[in-house]
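Working through the structure, step by step
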Amino acid sequence: MFDGGVSGLPSSVCASVCSSCVDAVNMRYTYLPGDVLIIGLFSIRQYGDTPYSCGHIRRETNDIITASAFMQSVLQKRIETEINFGAIAIDDCYSGMNTSAYLTELFTKQSFITDPQTNEIINFDHVVSIVGALSSGVTLYLADMATSLGIPMISYSASSPDLDNKVRYPYFLRTVPSDNLQVRGMIEMLYDLTVTHVGLLYIDDAYGRAGKDALVKEASSRGICVEETIAMTQLMDDAEIESVINQLFVQQVRVVLFFSIDSIARRLLEIINQGEYKRQLIFISSDGWGTNQNLVNGAVGLHSHGSIVFTLDTKAALGQGYKEYLSSLNMTQTELNYWIPNFFEDVHDCDFKTSFEKYSGTICKADQLSTSTTLSSALVDSLYADQRGIHTKMAVHAATEGYKAYCSKTSGCTPALARSNIDHYVQDIKTVEIMNANVFNDNGNGNIAFTIYNIQLKDEGNKYVKVPTSFYRFIYYLSVIRYQLSLVLFLYVWLCVCVCVFKCKDMCFLDYTYSF
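In this text the structure is predicted, and so the values were computed from the model without any measurement.

1. Describing the overall build of the protein chain
- Assigned secondary structure in the protein chain consists of 17 helices and 18 strands.
- Split into buried and exposed, the 516 residues of the protein chain put 57% on the buried side.
- Summarising the internal contacts of the protein chain: among those between residues at least 6 apart in sequence, 72% fall at separations of at least 24.
- For the protein chain, the computed accessible surface area is about 21600 Å², with 51% contributed by carbon and sulfur atoms.

Put into structure tokens, the structure is as follows:
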């Protein structure tokens, strides 16, 4: 699959994409042995051509490194709790139907997977919780499965309001807020900027459709006109994405609500960069965009410039040990993350000559990428601060500390006993704290608010800059992005600011860390 010089990896050379080879060697999981197991779900690959197949590696995302954050967090909690926790990081292939069938067969022992080191069968009776998934669409499928199996599920990203249904999903928790909060914040941002005419792009899955409907409804209540909404998928070709962009310009919008994910955002920006468009589009995006550096670096960064991104910031951090792990990471370190070489291919935009997937069309050269190549310090800093990785750590922390708390009150505690007393076990998870604050609120949603970033050009390149909370500092924020907004709109907002500051100072305070 990868360079033959890497120990333990196949060395056959492929001239182009070899689909049958990919299917033959595609490892869908990475395993850390332990007595008490936690499953982590990560969208490493795209969904395949059929409901039960996996497609190509999802490039220009951080999902592979999020899986590393999961494995490293479980290792750390093993030390802190003195409980022999183990982990199974599974590729959900961005498909709930696929992964639900895959896991159901494993839990019911209709099929099995083995420890890659010892070839021993992994016992799924030892699983006490599931961390994931990334998307709401996948999570909705798997939350049904987890409920039927009596296993707690803690998502680090899924934010669909549908998951608030505690009758259907009594054992589901998440470290992020429901989209209802995010939608209100995005529309409030438009209202405060006096933007009354917008476009709306959304991913055509449960997450995107629910967000789209909520945005249209909330915008209507604030007198904001939303043009005909446009659905996008990860399987769109360049011509289809170009058609989407042209439709936005036909709608004559300057500001576009974006309720989708980072991989689609990247392709959208790439096609914009290839075209000759006379006007800049400003995106106001949901947390699916995140703080992915691939969306602000290089030529595509010119077209994300000025956009506004909602993220799920928390005071939690991944720890210095994890940063040291990232700093020393090279493509040979596959023991706890089988997909690490794929990440290095992605970072360097090249393919190993022995890779079965030829995505970039450029073969990696020895002086460009070798077994000793590590990540740049800037990329390490970006990955270390990535909120999905941090929320994955929070989910692992809640699952492990909840199990420890349950076992402290139960003699002869085992995974089977915890699952047989699922209501008590889930309650112990819900009461877990991190940095002296509850991880979850009373509804089982993340006990945090959204933070807003503006993409700005700095001396060192485009950066995600946190929007200040004070109204007077917010005036500065407006001046930074004024050239991307129409001059008329900017002058109008500035006039309103001046009137407010001099006529009603006591009323002039806006807090853009939303916690409705």
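2. Considering the environment of Asn421
- Relative to the elements of secondary structure, Asn421 occurs in the loop between α14 (415-420) and α15 (422-430).
- Distance in space between the C-alpha atoms of Asn421 and Gly150 is 8.9 Å, their sequence separation being 271 residues.

3. Brief notes about the pairing of strand β17 (residues 451-458)
- Of all eight residues that make up β17, six are buried, and the element is covered over most of its length.
- Summarising the sheet, strand β14 (residues 308-311) and β17 pair through four bridges and their orientation is antiparallel. Bridge pairing in β17 links Phe310 to Ile452.
- Bridge analysis of β17 against strand β18 (residues 461-466) gives six bridges, and the strand direction is antiparallel. In the strand pairing of β18, Gln456 is matched with Lys463.
- Hairpin connection of β17 to β18: two residues between the antiparallel strands.

4. Some details on the nonpolar core
- Of all hydrophobic cores here, the largest spans 122 residues; its most connected members are Phe70, Leu201, Phe283 and Trp289.
- For this core, the leading source of residues is helix α13 (residues 387-408), giving nine residues.
- Contacts of Phe283, omitting those with residues within four sequence positions, involve Leu201, Val256, Phe258, Leu268, Leu269, Ile272, Trp289, His303, Ser307 and Ile308.
- In terms of nonpolar packing, the next biggest core, distinct from the first, is built from 30 residues, Leu37, Ile39, Tyr102 and Val127 among them.

5. A word on the packing of helix α2 (residues 63-81) against α13
- Where α2 contacts α13, the axes come no closer than 9 Å and their chain directions differ by 30°. Crossing geometry of α2 relative to α13 is assigned as right-handed. Along the contact surface, α2 presents Thr66, Ala69, Phe70, Ser73, Val74, Lys77, Glu80 and Thr81, while α13 presents Arg388, Gly389, Thr392, Lys393, Val396, His397, Thr400, Glu401 and Lys404.
- Looking at side-chain class alone, the contact of α2 with α13 contains four nonpolar, seven polar and six charged residues.

6. Describing the sheet that holds strand β2 (residues 36-42)
- A sheet is described by the order of its strands in space; here six strands give the open sequence β1-β5-β2-β6-β7-β8, paired in mixed fashion. The open sheet terminates on both sides in strands that have one partner only, identified here as β1 (29-32) and β8 (172-174). When the angles between neighbouring strand axes are averaged without regard to direction, this sheet yields 20°.
- Examined bridge by bridge, strand β7 (residues 153-155) and β8 share three bridges and lie parallel to one another.

7. A few points about the pattern of salt bridges
- Enumeration over the complete set of coordinates arrives at 16 salt bridges.
- In this structure, Arg174 engages Asp164 in a salt bridge whose closest nitrogen and oxygen atoms are separated by 2.8 Å. Taken together, the positions of Arg174 in strand β8 and Asp164 in the loop between β7 and β8 put the pair 10 residues apart, joining distant regions of the chain.
- One salt bridge in this structure joins Asp381 and Lys323, with 3.2 Å as the shortest N-O distance. With Asp381 in helix α12 (residues 377-385) and Lys323 in helix α10 (residues 320-328), the pair connects residues that are 58 residues apart, well separated along the chain.
- Using a relative accessible area of 39% as the deciding quantity, one classes Asp381 as partly exposed.
- Here the salt bridges do not stand alone but share partners, grouping Arg59, Glu345 and Asp351 into one network.

8. So, the confidence of the model for the protein chain
- Confidence along the protein chain averages 84 in pLDDT terms, with 84% of residues attaining 70 or more.
- Counting interchain partners and residues more than four positions distant, the pLDDT-below-50 stretch residues 1-12 has 27 contacts.
- Per-residue pLDDT stays below 50 along residues 19-25; that stretch engages in six contacts with residues further than four places along the chain or on separate chains.

9. Some details on the packing of aromatic side chains
- Within this structure, the stated rule accounts for 14 aromatic pairs.
- Here Tyr47 and Tyr94 contribute two aromatic rings whose centre-to-centre distance is 6.5 Å and whose plane-to-plane angle is 45°, an arrangement assigned as tilted. Of this pair, Tyr47 sits in strand β3 (residues 45-47) while Tyr94 sits in the loop between β5 (85-91) and α3 (96-107), and the two are 47 residues apart along the sequence.
- The exposure class assigned to Tyr47 is partly exposed, which follows from its relative accessible area of 24%.
- Taking relative accessible area as the criterion, Tyr94 reaches 8% and is therefore assigned buried.

10. A look at a nonpolar patch on the surface
- A surface patch of nonpolar side chains, amounting to about 320 Å² of accessible area, comprises Tyr52, Met97 and Tyr141.
- One can find Tyr52 in the loop between β3 and β4 (54-57).
- In this structure Tyr52 comes out as exposed when scored by relative accessible area, which is 53%.

11. Some details on unusual backbone geometry
- Following Gly132, the chain continues to Ala133 via a peptide bond in cis, the omega torsion being 5°.
- Inspection of the secondary structure assignment puts Ala133 in the loop between β6 (127-131) and α4 (136-149).
- Phi at Tyr94 is positive, roughly 50°, even though this residue is not glycine.
- Of note, the phi angle at Asn436 is positive, near 65°, even though the residue is not glycine.
- Within the fold, Asn436 resides in the loop between β15 (433-434) and β16 (437-438).

Reading the values: the criteria
Residues numbered from 1 in each chain as written. Predicted model: local features only at pLDDT ≥ 70, side-chain atom pairs only at ≥ 80, totals over all residues. Heavy atoms only, no water. Helix = DSSP H or I, 4+ residues; strand = E, 2+ residues; numbered from the N terminus. Buried < 20%, exposed > 50% of the residue type's maximum accessible area, 1.4 Å probe, protein only. Contact = heavy atoms within 4.5 Å. Areas by Shrake-Rupley, 256 points an atom, 1.4 Å probe, with all protein chains shown as cover. Pairing = 2+ DSSP bridges. Core = buried A, V, L, I, M, F, W, Y, C linked by side-chain atoms within 4.5 Å. Axes fitted to C-alpha atoms, helices over the stretch in contact; angles between N-to-C directions. Left-handed = near helix turned anticlockwise from the far one by under 90°. Nonpolar A, V, L, I, M, F, W, Y, C, P; charged D, E, K, R; others polar. Salt bridge = Lys/Arg side-chain N within 4 Å of Asp/Glu carboxyl O. pLDDT = per-residue confidence, 0-100. Phe/Tyr/Trp six-rings, centres within 6.5 Å; stacked < 30°, edge-to-face > 60°. Patch = residues over 30% accessible without salt bridge, like charges linked within 9 Å, V, L, I, M, F, W, Y side chains within 5 Å.

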